[in-house]
Structures are given as C-alpha cells and as structure tokens.
Amino acid sequence: MAHSLPINKAELAFLRLLIPFSVGIVAVYQWKAPGLTYWLTATVTLLFLLLFTINLSYKQLNFYRYKGIRGMMIHALLLLSGCLHSTLYNQSLNTDYYLFKKYKYLKVKIIDEPKIKPNLILFSAFVSKGYVTAHLQGGAEIHTARTASGKIRIALKPDTSNPTVLKYGDELIIPARTSEIERAELPSSFDFKSWLAMQNIYQQAYFKQAELIKLNSNAGHVLVKYALQLREKQIAIYRKIIKNDDAFAIAATLILGYRSDLTAETLDIYAKTGTIHALSVSGMHVGLIYLVLNWLLFFLDRNFVLKTLKILLILCLIWAYSLLTGFSPSVLRSAIMISVFILARLFDRSINSYNILAFAAFCLLLYHPFLIWDIGFQLSFLAVLGLIYLQPKIYGWLAVKNPLLNKIWSATAMSIAAQLATYPLSIYYFHQFPLFFLASNLFIMLPVAIIIYVGILILMFRLDGLGPLFEWLILFTNSGLNQIAGLPFSGISGIWINKTELLLLCLTLVCFTEALYRFKKRLLFTTAIAFFVLQSFLTYDKISTANQKKIIRFKLKKNYAIAWIKGNSAWLYTNLKPESREFSYAVKPALDQHKVKQLVIKFADVP
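Residues numbered from 1 in each chain as written. Predicted model: local features only at pLDDT ≥ 70, side-chain atom pairs only at ≥ 80, totals over all residues. Heavy atoms only, no water.

Q: Is there a simple way to think about the overall build of the protein chain in this case?
A: A count of helical and extended segments in the protein chain gives 18 helices and 15 strands. Taken over the C-alpha trace, the protein chain has a radius of gyration of 27 Å; the compact-globule value for 607 residues is 25 Å, and the two agree within 12%. Taken along its principal axes, the extent of the C-alpha atoms in the protein chain is 85 × 70 × 65 Å. Taking all 607 residues of the protein chain together, the buried fraction comes to 42%. Long-range pairs, those at least 24 residues apart, make up 69% of the contacts in the protein chain between residues at least 6 apart in sequence. As presented, the protein chain carries roughly 34,600 Å² of accessible surface, and 65% of it is formed by carbon and sulfur atoms. Once the 62 positive and 31 negative side-chain charges of the protein chain are each reduced to a mean point, those two points are 9 Å apart. (Helix = DSSP H or I, 4+ residues; strand = E, 2+ residues; numbered from the N terminus. Rg over C-alpha atoms; globule rule 2.2 N^0.38 Å. Buried < 20%, exposed > 50% of the residue type's maximum accessible area, 1.4 Å probe, protein only. Contact = heavy atoms within 4.5 Å. Areas by Shrake-Rupley, 256 points an atom, 1.4 Å probe, with all protein chains shown as cover. Lys, Arg positive; Asp, Glu negative; His and termini not counted. Charge placed at Lys NZ, Arg CZ, Asp CG, Glu CD.)

In structure tokens, the structure reads:
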C-alpha cells in the first residue's frame, strides 16, 4: 500500500497563495459594478491593517488560540487582493478610458508587431491621448488634447500604390471611430471577443490608410523594440538559407516564436498528431538552452564566485532568449521555473516542484491577471503538473534494465503524463484527440532537439552552410508527422463537451489517478459516481441530438451557407467548397457540434 510522506506547508507557500488569488481574479473578471474598485481597495486595506495589528500583538492577545480565524482572514485577503488586481488591470474601468468622452481623434501607440495580410494590416494599439474639438468663429477648429487610456484593435487597409510601413512603437493619429467587438454568432465559432478581452481590448476600428497620420516618433519600449528588430534580422537569415516555405515557417516558429507564416495545413498536421506543443517555444527550448550553456561554461565551476558568475550569465542569456521569442506564457513559465531551480542549486536549497510551478504562475498573474484565461497558459501549466505528478508514477509501472529501452520508456511515460494532464482541456478547446500521440511524440523528440540546436548554431555563428541540413531535418519531421496523421483512425475528431462535462471529466480523472496510486476504495467509489454522472450527461446530449430540428444561417463575409438539421443528418446549401478555409473554420465546427453524421451538400455558384 502506498504511503505518502507528510507535506511541509512551508514548501507549498506559493501554492497556498496562488489558489485564493486566482479565485479572486476569476470572480470579478466580468463584473463591472460601479464603485467596485473603491470598496475592494478599502476592504483589502482594512484587512491588511487588521492582520498587521494581530501579528504585532500575537502573543499579548493569545491569538494562537484562533489560528483558524487568522488563516481565514489571510485567505480572504488574498482572494480580495485577486479581485482588486483584476479590476485595476481592466482598463475599461479607468476613469480616463477613451470611450467615456466624445473625442474626435485619438493618439495611439502600436503595442505589437503589425500582421500583414492581403490588403489588410492588423495591430493592437494603446490610446495615450484624446482630442476634443471646439469650433471657433469663422469655422476654424481647435483640438485640445486630454489624457486617455485603453487599448484598441485596428484593421488598416493600406494604399496599394504607396503602403505605409508600420512597426512596434509607432505613434499614430486616428479618428475616434470605434465599434464594440461582436460576440461569436454560434457557440462553435471562435470567440474573438473573449480572446481580445483577455488582452484588455474591447473595441475595434477599421480605417483606410488616408485616414490616419503617422507621427515621426516611436514610443515603444527600448528593450522590446531591440528584441523585435533583432528577431527580424534572425528571421531574414532563415529566409535566406531555407527555400521551402513550410520549412522556413517551422524554423521561425520553433526557434524564434514567429508564427505569422505558419499555414493552416501545417498547424492541422501537428494538431492531429498531438505535437502542437512542439510549435510553441516552451520549457523544452529553455531546458535545452540551459543544458548547453551549463556544459559550455563548465570551467566556471571551480569556486563559489565563478559559479555565481556562471549562473548570472546563464540567467541573462535565458531571459534574453525569452525576450527574443516574445515573452509567451510558456516561455515565461519556463524561464521563471528554471531561474528558481538554478538559484536554489547555487545555494544548495531544497526545492519543491509544485511550489516552483505555483511561484511561476503567481508571478505571471501578478504581471498579467487575465492570462488565467489564456489557453496556452492553462495547457502549459497542466502539462508541467502532469510531468511532476504523473510521470514518476507511470514510469514506475515498468522496471526496464536496458539503458536504451529505459530512456525510451522514460520518454513514453513523459508523453503519457503530459497527454493525460492536458486531455480534458484539449478536447474542450480543440474537439479532437490524437490516438497516435505516443508514436508522434517519440518520433519528433530527437529531430526537434537537433533542429533547435542546429537552428541556434546557425544564428549564433552565421553557419549558412548548415542551411540544407536544417531544411532537410524540418521537412523530414513534417513528412513523418504527415504520414502518421494520414493513418486510418489516427484520431477522434468532433468531440464536443460543455463546461459541466469538462469539470466532471477532470474530477473523474483526478479521483481515478489518486485511487490507483493510494489504493483507496472511497476514491474509487467517488470515481465511479463521477463517471456515472458524466455518462448521464453525455447520454442526455445524445438523446437531444437524435431529436434535434434546427436551421442554422451562417453569418459569412463574402459567402453564404444555410443548414437544415434533423437528428444526425443535415442538408447544407452553400457556395463554399468543403476544402476551403472558411468552410473548415465556420461551417464544419457547427455541424460537428450538432453531431451531424450524414451531410448532403447542395452547391450553388461555387467560387
């Protein structure tokens, strides 16, 4: 029977901080009650002063008798602090939010890399000033500048004869003509409104190039601007030595986190094989860089001073690489975790993996509380949690003596652990499950590591001669994954579950895992109950689907589609080809959500 050692609460300090703080962020995320910030600030201040006073007079008041009350007050303070942090971060609640006054023009600063698409430039901008217009005698206008704040999503139609060049940090004067971002028409459609709200963006605007004025100033952060310029130069190196467009896109994404050139087909292959994580610059990349740097700087391990210098160099280079890749949640999580890990090793301190993971999450939520809704953030932390908790248990299932087979089994256990931990959220968000994820992950493990090392060597030492090898490795990996994705029954698609079913699935998996590990009958009984309730919900969904009768009119920009659904059958009238991108992203998900098995398509004026 498995016995677990008692856990020292001090080793899980940040986990205990993270839970109530996160609950607070979630609780008020969409709550816009007037005066909420004021009351939260007053309550948090009062609680803090009360706890401070109690700690000063802890012995005199004999408060050790009431540890439970003190603990509840601390948790309440953390929860309310999360609420306050969330409301303060929400720029639409600021008193100077640009929508609260009738401005004629806005001064904005581009805060990301503009994405250039056919006949369109997309970017996000931060409003710094609003201009109020007053009319003078004789028809003259005077514009008064006032401080304003808030973000906006801008779509710009460039002048094809003389397109303007826009970069991060550029300042513009634009008309104050914005509109609220529309919510997705169908539950199956991508919720663009929620995705932008997570980035603190609630308004959008569409302009022609002639409507804006580009100022001769750049207000971007010097460090970010330098990193983006440096990444642009590195991307140009790859573009020069790699001829194949797909290989170039993979190289830029895998090494530098630049995803703009990735095609939908490439993403689909990696998603179907369960290797989409390889296209995110994450812990694997940071870990490989740390291993190489630690090996290259071995000569600094002679004494504590030199070892400290080595650690500082490694930390600087890791964070420089993180900046270069755009500070994605997975990179930041990895950089924070590995920084804590190597600092603890320097001072010979014991480390708790769960506490380090919680510390990384806590730091990221302090920096950006709305990251808690980011899919990458959620999957990244769940995958690492799976590696910490599940991988040792799965690895212990078999005792493999052969060194080579043992490494293969270790990698297999790692893949299973990460897949199990992310399985519920993966099917909730992506509606598919790759059945050959083990084969895919084992196949790419060595090639991806070599690709990362070769790609970094090319950039560091300008080894253009390695270009053909680099390109071949990428194409070889893509070809192998494409073969796996094309196998019969390579995956299950069209899986749709609601939030209640997601929670039940998570509860079932957690209880079942703990029951197997601890051999407890109560947990097995709880697992059986949770599984029965989950199956009841799924059965109800199946019965409802069999009796459904619906008409769906798809809201498409330049095309049209209408579906008549009865039971598991549907008749679709459209001018879209089934292989088109708009069909795949707008029509097919809705049919999958309604569990349509038999589809008859009537084409008309197919473009």
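Continuing now.
Q: Even after reading the chapter, I still don't get the nonpolar core, so can you show me in this structure?
A: Nonpolar side chains in soluble globular proteins generally cluster together in the buried interior. In this structure, Tyr238, Ile242, Ile255 and Phe470 are the most contacted members of the largest nonpolar core, which totals 51 residues. Every element with two or more residues in this core is listed here: α5 (222-241), α6 (245-256), α8 (283-296), α9 (304-324), α10 (329-346), α14 (437-461) and α15 (467-485). Excluding its chain neighbours within four sequence positions, the residues that come into contact with isoleucine 242 are Ala247, Phe248, Ala251, Phe470 and Glu471. Counting residues in each nonpolar core, the second largest holds 25 residues, with Tyr29, Ile152, Tyr202 and Ala205 among its members. (Core = buried A, V, L, I, M, F, W, Y, C linked by side-chain atoms within 4.5 Å.)

Q: Even after reading the chapter, I still don't get a positive patch on the surface, so can you show me in this structure?
A: A cluster of basic residues, Lys115, Lys117, Lys157, Lys208, Lys557, Lys558 and Arg581, forms a positive patch at the surface. Along the chain, the position of lysine 157 falls in strand β5 (residues 151-157). (Patch = residues over 30% accessible without salt bridge, like charges linked within 9 Å, V, L, I, M, F, W, Y side chains within 5 Å. Salt bridge = Lys/Arg side-chain N within 4 Å of Asp/Glu carboxyl O.)

Q: Help me understand the pairing of strand β14 (residues 569-574) in this model?
A: Moving residue by residue along a regular strand, the side chains alternate between the two faces of the sheet. Residues of β14 alternate between two faces, with Ala570, Leu572 and Thr574 buried on one and Ser569, Trp571 and Tyr573 left unburied on the opposite face. Two elements, strand β13 (residues 561-566) and β14, share six bridges in a ladder whose sense is antiparallel. Bridging from a neighbouring strand, isoleucine 562 pairs with tyrosine 573 of β14. Across six bridges, the pairing between β14 and strand β15 (residues 598-603) is parallel. Each bridged residue has a counterpart across the sheet, and for threonine 574 the counterpart in β15 is phenylalanine 603. (Pairing = 2+ DSSP bridges.)

Q: Teacher, can you tell me more about helix α3 (residues 67-89) here?
A: An α-helix turns once every 3.6 residues. As a result, residues three or four positions apart point the same way. Between the first and last C-alpha of α3 there are 33 Å, a value that for 23 residues agrees with the 33 Å anticipated at 1.5 Å per step. Regarding α3, the residues found buried are Met73, Leu77, Leu78, Leu80, Gly82, Cys83, Leu84, His85, Ser86 and Thr87. For α3, the elements touching its buried residues are α1 (13-27), α2 (36-56) and α11 (353-367). (Expected span 1.5 Å × (residues − 1).)

Q: Explain the environment of isoleucine 250 to me, please; I cannot follow it from the model alone.
A: When you line up the elements, isoleucine 250 lands in helix α6. In this structure, the C-alpha to C-alpha distance between isoleucine 250 and leucine 279, residues 29 residues apart in sequence, is 7.4 Å. Apart from the residues lying within four places of it in its own chain, the contact partners of isoleucine 250 are Leu262, Thr266, Tyr270, Leu279, Ile474 and Asn478.

Q: Can you help me understand the state of the cysteines in this one?
A: Here, the word disulfide means a covalent bond between the sulfur atoms of two cysteines. The full count for this structure, using the stated rule, is zero disulfides. This cysteine, cysteine 83, is not joined by any disulfide, and cysteine 363 carries the nearest cysteine sulfur, 20 Å off. (Disulfide = S-S within 2.5 Å.)

Q: How do you make sense of the side chain of asparagine 478 when you look at a structure like this?
A: Within the fold, asparagine 478 resides in helix α15. Residues within four places of asparagine 478 in sequence aside, it is in contact with Ile250 and Tyr270.

Q: Would you mind showing me how to read α9 here?
A: With 21 residues, α9 should reach 30 Å at 1.5 Å per residue; the first-to-last C-alpha distance of 30 Å fits that figure. Among the residues of α9, Lys310, Ile311, Ile314, Leu315, Ile318, Tyr321, Ser322, Leu323 and Leu324 are the ones counted as buried. The positive-phi residue at the C-terminal boundary of α9 is glycine 326, with phi of around 95°.

Q: Honestly, a nonpolar patch on the surface in this entry has me stumped. Any pointers?
A: A surface patch of nonpolar side chains, amounting to about 440 Å² of accessible area, comprises Leu404, Leu405, Ile408, Leu442 and Met445. The element that contributes the greatest number of residues to the nonpolar patch is helix α13 (residues 403-430), accounting for three residues. By secondary structure assignment, the location of isoleucine 408 is in helix α13.

Q: Quick question: what am I supposed to make of the sheet that holds strand β12 (residues 549-554) here?
A: In any sheet, the strands associate via hydrogen bonds between backbone groups, in a parallel or an antiparallel arrangement. Taken together, four strands build an open sheet; the order of strands is β12-β13-β14-β15 and the sheet is mixed. With partners counted over all chains shown, the strands left at the sheet margins are β12 and β15, one partner each. Pairs of neighbouring strands in the sheet enclose a mean axial angle of 15°, with direction left out of account. With six bridges connecting them, β12 and β13 associate as antiparallel partners. Paired with lysine 550 across the strands is isoleucine 565, a residue of β13. (Axes fitted to C-alpha atoms, helices over the stretch in contact; angles between N-to-C directions.)

Q: Please explain the packing of α8 against α14 as it appears in this structure.
A: The relative placement of two packed helices is expressed as an angle between their axes plus a distance between the axes. In the contact formed by α8 and α14, the axes pass within 11 Å of each other and the chain directions differ by 60°. Where α8 crosses over α14, the handedness of that crossing is right-handed. Taking contact as the criterion, the partners of Met284, His285, Leu288, Ile289, Leu291 and Val292 in α8 are, on α14, Val448, Ala449, Ile452, Tyr453 and Ile456. Its residues placed into classes, the contact of α8 with α14 shows ten nonpolar, one polar and no charged. (Left-handed = near helix turned anticlockwise from the far one by under 90°. Nonpolar A, V, L, I, M, F, W, Y, C, P; charged D, E, K, R; others polar.)

Q: Even after reading the chapter, I still don't get the packing of aromatic side chains, so can you show me in this structure?
A: Tallied over the full model, the rule gives 25 aromatic pairs. Summarising the aromatic geometry, the rings of tyrosine 97 and phenylalanine 100 are spaced 5.6 Å apart at their centres and angled 70° between planes, so their arrangement reads as edge-to-face. Relative accessible area serves as the criterion here: at 4%, tyrosine 97 is assigned to the buried category. Ring plane angle 55° and centroid distance 6.2 Å describe the contact between phenylalanine 190 and tryptophan 195, whose orientation is recorded as tilted. You can call tryptophan 195 partly exposed: its relative accessible area is 33%. An aromatic cluster is present here, built from Phe14, Phe21, Phe359 and Phe362 joined pairwise through their rings. Its guanidinium or amino end placed over the ring of phenylalanine 248, arginine 239 lies 4.2 Å from that ring's centre, counting from NZ or CZ. Just above the ring of tyrosine 389 sits the side chain of lysine 393; from NZ or CZ to the centre is 3.7 Å. (Phe/Tyr/Trp six-rings, centres within 6.5 Å; stacked < 30°, edge-to-face > 60°. Lys NZ or Arg CZ within 6 Å of the ring centre and 35° of its normal.)

Q: When you look at the side chain of lysine 310 in this model, what are you seeing that I'm missing?
A: Structurally, lysine 310 is set in helix α9. Accessibility expressed as a relative area gives 3% for lysine 310, which makes it buried. Setting aside residues up to four positions removed in sequence, lysine 310 forms contacts with Asn294, Leu297, Phe298, Leu300 and Asp301.

Q: Looking at this model, I keep getting lost on unusual backbone geometry. Mind explaining?
A: Across the chain, the bulk of peptide bonds are trans and the bulk of non-glycine residues have phi less than zero. Within the chain, asparagine 200 stands out as a residue other than glycine whose phi angle is a positive 70°. Relative to the helices and strands, asparagine 200 resides in the loop between α4 (192-197) and β8 (201-208). The phi dihedral of arginine 462 falls on the positive side, at around 55°, and the residue is not glycine. Its place among the elements puts arginine 462 in the loop between α14 and α15. Owing to a relative accessible area of 47%, arginine 462 belongs among the partly exposed residues under this scheme.

What is shown is where atoms sit, not what they do.
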